[in-house]
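Structural characterization, general
The chain contents come next:
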Amino acid sequence: LEAAVEAGIPLVVSAGGLDMVNFGARDTVPEKFSHRQLYVHNKHVTLMRTDVSENREFARFIAAKLASAKAPVAVLLPDKGISALDAEGQAFYNPEATGELLNVLQSEIAAAGNSMVSVQRLPLHINDPQFAVELITAFRKVGGDNLSSQPPSTDKEGAGRNNATTDIIAPIQIHSEAAVSSIAPRSCPTAPPDLDPDTPRGAILPGLYELVSSGYPIIGGGAGTGISAKSEEDGGAHLIVVYNSGRFRMAGRGSLAGLLPFADANGIVVEMASEVLPVVKHTPVLAGVCGTDPFRDIPRFLARLRDMGFSGIQNFPTVGLYDGTFRANLEETGMGFQKEVEMVAQARKLGLLTTPYAFTPEEAAAMAGAGADIVVAHVGLTTAGSIGAATSLTLEDATSAVQAMADAARAVHPHILVLCHGGPIATPADAAYVLGRTRGVHGFYGASSMERIPVEVAIADCVREFTSLRLPECD
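The residue count restarts for each chain, going from 1 along the sequence in the order it is written. Only residues with pLDDT of at least 70 are given local features in this predicted model, and only at 80 or more are side-chain atom pairs given and counted; all residues enter the totals for whole chains, interfaces and linings. Calculation of side-chain values draws on the structure's entire complement of heavy atoms; hydrogens and water are dropped beforehand.

Regarding empty space enclosed by the protein
Space inside and on the surface of the protein is sampled on a 1 Å grid over the protein atoms alone, with a cavity defined as a set of points where a 1.4 Å probe fits but cannot get out and a pocket as an open set with protein on both sides within 12 Å along at least 5 of 7 lines; lining residues have an atom within 4 Å of a point. Grid points are joined across faces, edges and corners, and a volume is the space filled by probe spheres set on the points. This model, assessed by the stated rule, comprises 3 cavities of 30 Å³ or more. For the largest cavity, the calculated volume is near 130 Å³. For the largest cavity, the lining is made up of 16 residues, of which Tyr243, Ser255, His378, Leu381 and His421 are closest to its centre. Three classes are used, and their members are as follows: Ala, Val, Leu, Ile, Met, Phe, Trp, Tyr, Cys and Pro are nonpolar, Asp, Glu, Lys and Arg are charged, and the others, Gly among them, are polar. Considering only residue class, the lining of the largest cavity consists of 8 nonpolar, 7 polar and 1 charged.

Below, the structure written as structure tokens:
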């Protein structure tokens, strides 16, 4: 808080998450805290409930920071809890400790006598939607003239941004030539003129272009089970992709299992069709096709997939995830990325929607040249979750890589749509970061992010709630 206060920046302050201290795995909790109330969030994170005296000190610490405020500060305090666990019926619900925090904070601010700082107590929980409304209202109030309606900036860096935001919040600088600093204006491509409405491609693409023009990202999701596909449709996914790694990942194996000789990748997709296609009612379902499969007549296989009810294809398994000598040998022996490019061109001729992965600007350009409708800029195996990769680009570097691929694809095919995928882009916040700092990137495709990681969290949290139950005392 010191830097913002010293700089005279208007602030909205609350007290979220002060009910807990984060440690690593359960065995990393120091011995001196072993008697405290602990909550094992997952195998990597253990939380400790803060007590009354600690909350009192937190309050004094925050109040002291705000005492010298030079600009308006609105402090909003939610009486019904300050985290998801600090709610009635939850593990860290402790009205005495939370009450001490809020009461002391309010009294200490009042005692400081700084008229710039106001306190508002609200009969809400911090996660209540109405509390978010109150925060926004307070933000507009403390911002004053800075939040008045102003025309968009016309400078090169800030084209299309509203100055109201940049007056208060400094843009995040991405130190890369390929990535765009701060929030980039949207690039709204127009639909290609050659769409045949009687083909899957022609029926799907107009809606996707309209979506982007309306300011919404295209969201695609990988599905390894019927319930994943059904849930993704219920959540509003615009595209669903079925490929062999989905089955492996939902069986608790890493997604790269789909690149190894454990099963017939194209055969698995055909098997999964009967599980997924009947439960998806409206959303286009695409098939992951191994275009380098030397034992299939790919044009006939694509036609078969279309006749089964698939609306399009993606190139998976893909040699794009290989590098080094092994990748060079695949290219030299006729099983390289060019086979996947040719597969996309063949699918385009059949009227299928084509949404291939690309891993480099050169591959993105090649896919665009083959007539791809959507290039998915792939920045590596997804990192999050219990079986995610540990080696990855940073989010900043991933943003640069996505931008470079988008630029290369658009240089060949100006109508093309581009989605980002993989690596550190694992959550909605990660996707928002990339989409907000690139130009000509129109959405996100998630596989592990859409089914494996949410399932890991949901099941573990649900079981944890059951196992935290206690029986009545014995007679």
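A few points about the environment of Val279
Starting at the N terminus, helices and strands are each numbered in turn, a helix being any DSSP run of H or I of at least four residues and a strand any DSSP run of E of at least two. Here Val279 shows up in the loop between α9 (265-276) and β9 (285-289). Between the C-alpha atom of Val279 and that of Ala229, which follows or precedes it by 50 residues, the distance is 7.6 Å. Residue contacts follow a heavy-atom distance rule, with two residues in contact if any of their heavy atoms lie within 4.5 Å. Setting aside anything within four residues of it in sequence, one finds Val279 in contact with Gly226, Lys230 and Glu233.

Here we look at the packing of aromatic side chains
Each Phe, Tyr or Trp ring, with Trp reduced to its six-membered ring, pairs with another whose centre is within 6.5 Å; inter-plane angles below 30 degrees give stacked pairs, above 60 give edge-to-face pairs, and intermediate values give tilted ones. Applying the stated criterion across every chain, the model contains 8 aromatic pairs. Ring geometry for Phe23 and Phe33: centres 5.8 Å apart, planes at 40 degrees, overall tilted. One end of the pair, Phe23, is in strand β2 (residues 20-23); the other, Phe33, is in the loop between β2 and β3 (38-42), and 10 residues separate them in sequence. Residues Tyr357 and Phe359 carry aromatic rings whose centres are separated by 6.3 Å and whose planes lie at 50 degrees to one another, so their mutual orientation is tilted. In this structure an aromatic cluster arises from ring pairing among Tyr243, Phe316, Tyr357, Phe359 and Tyr445. Only lysine NZ and arginine CZ atoms are considered, and such an atom sits over a ring when it is within 6 Å of the ring centre and within 35 degrees of the ring normal. Geometry around Phe301 places Arg296 over its ring, the cationic atom sitting 5.2 Å from the centre. It is Arg437 that lies over the ring of Tyr433; its NZ or CZ is 4.3 Å from the centre.

Details of the layout of surface pockets
Rolled over the atoms, a probe as big as a water molecule pinpoints where empty space is left. Put simply, the largest pocket is a space of about 390 Å³. As for the largest pocket, its lining consists of 20 residues, of which Leu259, Cys290, Thr292, Pro317 and Tyr322 are closest to the centre. Secondary-structure elements contributing two or more residues to the lining of the largest pocket are α9 and α11 (324-332). Grouping the amino acids of the lining of the largest pocket by side-chain chemistry returns 13 nonpolar, 5 polar and 2 charged.

Overview of the sheet that holds β3
Pairing within the open sheet is antiparallel, and its 3 strands lie in the order β2-β4-β3. The open sheet has two edge strands, β2 and β3, and neither has a second partner. Direction aside, neighbouring strands of the sheet carry axes that sit 25 degrees apart on average. Direction of pairing for β2 relative to strand β4 (residues 45-49): antiparallel, over a ladder of 4 bridges. Bridge assignment links Asn22 to a residue of β4, and that residue is Leu47. Two strands pair if DSSP finds at least two bridges between them. Every axis in this analysis is a line fitted to C-alpha atoms, fitted for helices over the stretch in contact. Angles between the N-to-C directions lie between 0 and 180 degrees.

A look at helix α6 (residues 200-213)
Any helix carries an expected span of 1.5 Å times its number of residues minus one. Its 14 residues place the ends of α6 21 Å apart at the C-alpha level, agreeing with the 20 Å of an ideal helix rising 1.5 Å per residue. Buried, partly exposed and exposed residues are distinguished by accessible area as a fraction of the type maximum, computed with a 1.4 Å probe on protein chains only: under 20%, between the cut-offs, and over 50%, respectively. Those residues of α6 that sit buried are Arg201, Gly202, Ile204, Leu205, Leu208, Tyr209, Leu211 and Val212. Close packing links the buried residues of α6 with β7 (218-222), β8 (239-242), α12 (337-349), β11 (353-354), β13 (374-378) and β14 (417-421).

Thoughts on the pairing of strand β15 (residues 443-446)
Side chains Gly443 and Tyr445 of β15 all project onto a buried face; the interleaved residues Phe444 and Gly446 project onto the opposite face, where all are buried too. Both β14 and β15 contribute to a ladder of 2 bridges, which runs parallel. Within β15, the residue paired with Cys420 across the bridge is Phe444. By convention, orient the strands away from the viewer: a clockwise path from the first strand over the helix to the second makes the crossover right-handed. After leaving β14, the chain enters helix α15 (residues 428-436) and then returns to the sheet as β15, a path that is right-handed.

Some points on the sheet that holds β11
Spatially, β11-β10-β9-β8-β7-β15-β14-β13-β12 is the arrangement adopted by the 9 strands of the open sheet, whose pairing is parallel. Where the open sheet ends on each side, the last strands, each with one partner, are β11 and β12 (357-358). Strand direction decides the pairing type here: β7 and β15, joined by 4 bridges, are parallel. Bridge pairing in β15 links Gly221 to Gly446. Packed onto the sheet, α9 meets β8 and β9 and runs at close to 160 degrees relative to β9.

A closer look at the pattern of salt bridges
We define a salt bridge as a side-chain nitrogen of Lys or Arg found within 4 Å of a carboxyl oxygen belonging to Asp or Glu. The final tally for this structure, using the stated rule, is 21 salt bridges. Close ionic contact of Arg452 with Glu456 constitutes a salt bridge, the shortest N to O distance being 3.1 Å. Of this pair, Arg452 and Glu456 both sit in helix α16 (residues 448-467), 4 residues apart, which is roughly one turn of that helix. Note on Arg452: relative accessible area 4%, which makes it buried. On the basis of relative accessibility, which here comes to 24%, the residue Glu456 falls in the partly exposed class.

A few points about the side chain of Glu233
Mapped onto the fold, Glu233 is located in helix α7 (residues 226-234). If near-sequence neighbours (up to four positions away) are discounted, Glu233 is found in contact with Ile240, Val279, Val280, Lys281, His282 and Thr283.

Some details on the environment of Ile268
By secondary structure assignment, the location of Ile268 is in helix α9. The sequence separation of Ile268 and Arg247 amounts to 21 residues, and the corresponding C-alpha distance is 8.3 Å. If we ignore the near neighbours within four places in the chain, the residues touching Ile268 are Asn244, Arg247, Phe248 and Ala263.

Considerations on unusual backbone geometry
Of note, the bond from Phe316 into Pro317 is cis; its omega dihedral lies within 30 degrees of zero at 0 degrees. Its place among the elements puts Pro317 in the loop between β10 (312-315) and α11.

Remarks on the environment of His238
Locating His238 in the fold gives a position in the loop between α7 and β8. Separated by 207 residues in sequence, His238 and Tyr445 have C-alpha atoms that sit 9.9 Å apart. Setting aside residues up to four positions removed in sequence, His238 forms contacts with Leu208, Leu211, Pro217, Ile218, Ile219, Thr283 and Pro284.

Description of the pairing of β14
For β14, the tally of buried residues reaches 5 of 5 residues, placing the bulk of the element in the interior. Of the two faces of β14, the one holding Leu417, Leu419 and His421 and the one holding Val418 and Cys420 are both buried throughout. The pairing of β13 with β14 spans 5 bridges and is parallel. Note on β14: the bridge partner recorded for Ala377 is Cys420.

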